[in-house]
Amino acid sequence: TKVIRGSERDRLYNLIRREADEKRQSYLVYPLVNASEKEGMEKIRSVEEEFARLSAGPLVGLRVAMVHGQMPSEERNDIMRRFKAREFDVLVSTTVIEVGVDVPNATVMAIENSERFGLSQLHQLRGRVGRGSHKSFCVLVTDSAPPGARRTATNEENGEEGVEEESPWVRLQVLEKSRSGFEIAEHDLKLRGPGDFFGTKQSGSPTFRLADLSRDARLLEVAREEAHRIFDEDPRLERKEN
């Protein structure tokens, strides 16, 4: 697994071509189906645009196919079947291939705008390669600033300016260093937060007054065990000390 700058894409395309020369296959995953003009989304790459660009440019001559969740399921399943049958060298896709896809001949998983995915999801995507006997590669492509760089952002909760955010590279490098799904999920929890347990927010910290889930997990376990012990001994909490 390797994190690379967007300016190094030629290295990635050369790797895909080398693997195709060895009769092996590659996935290229993108976060969007269609290009978006929404604010902040202009630079996010999409499956449809990149399929056209790659087929006529960097990967010209290779057999490139496209698949995404907006396709009719029959068409999508047919492309997946043909990819598994080695009729295509490269599959340009959204995360529809995240689970349930088993192509042992695929050896490259490249994920564009990788900073937009959670670590656990990237780990799932990485699991689509390395399923056969050949050496496999996961390449995380990002246009974000490299390690050490920090940018100023606005704190959404209170509107304050000047809040520093760490480079997404720091998060992505967790995948370079670890293959353990449990360890990666733990890092994801620390970095993104669990969100609301009884609400709709899918990231950020819940509104505990005292505890921090990533820091105090063991303490919370001990507190839970102690609470069970007290209730077992004094179910109605009638003792003075309880």
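Residues numbered from 1 in each chain as written. Predicted model: local features only at pLDDT ≥ 70, side-chain atom pairs only at ≥ 80, totals over all residues. Heavy atoms only, no water.

J.: What am I meant to see in the pairing of strand β5 (residues 106-111) here?
T.: Along any regular strand, the residues point their side chains to alternate faces of the sheet. Of all six residues that make up β5, six are buried, and the element is covered over most of its length. Where strand β2 (residues 25-29) meets β5, five bridges bridge the pair, whose relative direction is parallel. Looking at β5, one finds that glutamine 25 is bridged to alanine 106. The pairing of β5 with strand β6 (residues 137-142) spans four bridges and is classified as parallel. When the bridges of β6 are listed, methionine 109 appears paired with cysteine 138. Taken together, β5, helix α4 (residues 119-126) and β6 constitute a β-α-β crossover, and its handedness is right-handed. (Buried < 20%, exposed > 50% of the residue type's maximum accessible area, 1.4 Å probe, protein only. Helix = DSSP H or I, 4+ residues; strand = E, 2+ residues; numbered from the N terminus. Pairing = 2+ DSSP bridges. Right-handed = clockwise from strand over helix to strand, strands pointing away.)

J.: How should I be thinking about the packing of aromatic side chains in this particular structure?
T.: To describe a pair of aromatic rings, you give the distance between the ring centres and the angle between the ring planes. Applying the stated criterion to the full structure yields one aromatic pair. The interplanar angle of 50° and the centroid separation of 5.3 Å between the aromatic rings of tyrosine 27 and phenylalanine 83 together place this pair among those described as tilted. Of this pair, tyrosine 27 sits in strand β2 while phenylalanine 83 sits in helix α3 (residues 73-84); the two residues are 56 residues apart in sequence, bridging distant segments of the chain. Relative accessible area serves as the criterion here: at 0%, tyrosine 27 is assigned to the buried category. (Phe/Tyr/Trp six-rings, centres within 6.5 Å; stacked < 30°, edge-to-face > 60°.)

J.: Hey, could you run me through the pattern of salt bridges in this one?
T.: When the charged atoms of two side chains with opposite charge come close together, those side chains can pair. This model, assessed by the stated rule, comprises 16 salt bridges. Here arginine 131 makes a salt bridge to aspartate 102, at a shortest N to O gap of 3.0 Å. Here arginine 131 is found in the loop between α4 and β6, whereas its partner aspartate 102 is found in the loop between β4 (90-93) and β5, with 29 residues between them in sequence. According to the relative accessible area criterion, arginine 131 is partly exposed, its value standing at 38%. Between arginine 218 and glutamate 221 there is a salt bridge, and its shortest N-O distance comes to 2.8 Å. Of this pair, arginine 218 and glutamate 221 both sit in helix α7 (residues 213-233), three residues apart, which is roughly one turn of the helix. Judged by its relative accessible area of 49%, arginine 218 falls in the partly exposed class. (Salt bridge = Lys/Arg side-chain N within 4 Å of Asp/Glu carboxyl O.)

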